[in-house]
Every structure is written in C-alpha cells, then in structure tokens.
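# Tertiary structure, described
Read off the chains here:
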Amino acid sequence: MTNLTHGALLATVLAALGGCQHQAQRANNATLEQRLARLEAAYAKDAEALEFLNKVYEQQKAQQQAHEREEPAPDAVFAVDITPDVKAGQVEGSPQALVTIVEAWDFA
Amino acid sequence: MVVHPQVVMDAHRAGCAAAKQGKFVAFKDAFWDKAFDPYAAAREPSKLGVDNIMAIAKDLGLDTAKLKIDMEGPQCRAQVDNDMSELAKFHVSGTPFFFINGKVLDGAQPKEEFKKIIDERLKVAEASGVSGADYYEKEVFGKGEKQFRSKQDPKRP
C-alpha cells in the first residue's frame, strides 16, 4: 500500500472512531437525561406524598388540639349550680354528705 | 341531661314531675328498669314514650293526671332546659358524665376511678372543717370555677 492509501485508511478509522465516540456520548447523554427525568418524576411523586402526609399531620394535630381544648383541666373544680335540682327534689342521699356527685345522664 | 330529646324529653320532664310528688328517685329507678332496659333490648322507642311513663307512674302510686300536667307545664320544661344549659357551660356533651365535688369524671368508668376521686375529695372536705350540709355550697360552688377550663388553658387567678 502506498502512504496515501495508509493515510486515507487511518483517516477513515479515525473518522469511524470519532463517530462512535460521538454516538456513545449521545447515548450517555440520553441515559443521563432519562435518569434525570426519572429522578425528577420520583422527586415530584415523593414531594406530592410528603405534602399529603403533611396535610394529614396538620389535620390530626388540629383534631388533637381541638380534643384537648374540650378536655377539662385535671386540677379544675367546677362550680355546677345544683340549687334548682336540690330544691326540686331531684336528689338522693344524705344532705349532710361531704361529697356531692352531680350526675349527667340521659335515658337513652 | 338530654342527649336524645326526640325520644327522652318526656321521660326527663316526667322525672321533674315525679319529684313534685316526692318520687324522683323511685321514678328514675323504675324508668331505667321498665322503660330503658326493654327499649335497649328491642330498640323500641315506644318503651320510652308517654304511655309507658304513665304505666310506670301508676305502678309507683303517683297521681298520673297531676304528673301529666306537671310534665307539660312551664316549670318542668324550664327545669330540664336549665339543667342542659348548666351542663353545656361546662362542655358536657355526652353521658354519663359526673362531677364529684366539682371534679370531672367523664364516661362509664370503673368503680375504682370513682373511689379514687371520692376518697381524694373526701380528704379535702374533711380537712376544710366545713360541715357536710354547707360544703358543696360554700367550698365547691362558692370557690369553684364558674366556667369551663380545658387542660390547655392556664389556671385563672
């Protein structure tokens, strides 16, 4: 082979190699883009789930707080007015008793 | 306390009317046995109705004509309404619910829970030196909190 033929062959090989590298780079880039897209999709999904969980947590917290607002203070002594009921005779037990139990009940 | 007015308002007013004849406790006990229990067994609302109330009252020797008039009269209506308003003030929204010398016991609790609070309140009452006849009026109603306070609220001075 002549030098010219060698040169042409080398140029062809180099061109082919260059093309392969370019294709591999493109393939790599495509993979990265796909991976990034997948990661972004997964992140968006997680963010959505996290937002939902946060909402549930806030709701439960609000419910708990509402429940606690309705729970009487454990140290409270409440002054329930029983005078009308006692006067009306809706009472049982000794009037000398040191402990009075006010009962709230319903017949159903 | 009336949680189910559509079915038991008559019974509560009848309790008030029975008290006017000195038989509140007898009526209340008989109503549980002869009205509530059969009602609960068969879910039959008529067991809580006026006809059965009158039958129970008759068995107890109450003057049923007077009972009916008193039940429907303004005093017993006001009495039941006042009881409900008083309990609502302290955020009572369900039954059974108890105040033991002003201390809350909510729900159908075991006897031990009642005993614990009763013993504790009895000690406080005994230490006060106030007689039983005056204790509730002076110490519980007189010094107790006039409004509901939740566990989240600070104690008022």
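Residues numbered from 1 in each chain as written. Chains lettered and ligands numbered in written order. Predicted model: local features only at pLDDT ≥ 70, side-chain atom pairs only at ≥ 80, totals over all residues.

## Things to note about the interface of chain A and chain B
- Facing the 34 residues of chain A at the interface are 56 residues of chain B.
- Among the secondary structure elements, those contributing two or more residues to the side of chain A that touches chain B are α1 (3–70), α2 (83–87) and β1 (101–104) of chain A.
- Residue composition of the side of chain A that touches chain B, grouped by class: 20 nonpolar, four polar and ten charged.
- Pairing of β1(A) with strand β1 (residues 97–100) of chain B, which is carried by four bridges, proceeds in the antiparallel orientation. Each bridged residue has a counterpart across the sheet, and for A:Ala104 the counterpart in β1(B) is B:Phe97. (Contact = placed C-beta atoms within 7 Å. Helix = DSSP H or I, 4+ residues; strand = E, 2+ residues; numbered from the N terminus. Nonpolar A, V, L, I, M, F, W, Y, C, P; charged D, E, K, R; others polar. Pairing = 2+ DSSP bridges.)

## Some words on the environment of B:Leu60
All names here are of chain B.
- Topologically, Leu 60 is positioned in the loop between α3 (50–59) and α4 (64–72).
- In sequence terms Leu 60 and Glu 44 are 16 residues apart; their C-alpha atoms lie 23 Å from each other.
- In this structure, Leu 60 is in contact with Lys 23, Ala 26, Phe 27 and Ala 30, ignoring residues within four places of it in sequence.

## Quick word on the pairing of strand β2 (residues 103–106) of chain B
Residues and elements named next belong to chain B.
- Bridge count between β1 and β2: four bridges; the pairing is antiparallel. When the sheet's bridge partners are listed, Phe 97 is paired in β2 with Asp 106.
- Hairpin connection between β1 and β2: a loop of two residues separates the two successive antiparallel strands, and Asn 101 in this loop has a positive phi of roughly 45 degrees.

## Quick look at the confidence of the model for chain B
- This prediction gives chain B a mean pLDDT of 93; 96% of its residues lie at or above 70.
- For this predicted complex, the interface score ipTM comes out at 0.91, while the overall pTM is 0.76. (pLDDT = per-residue confidence, 0-100.)

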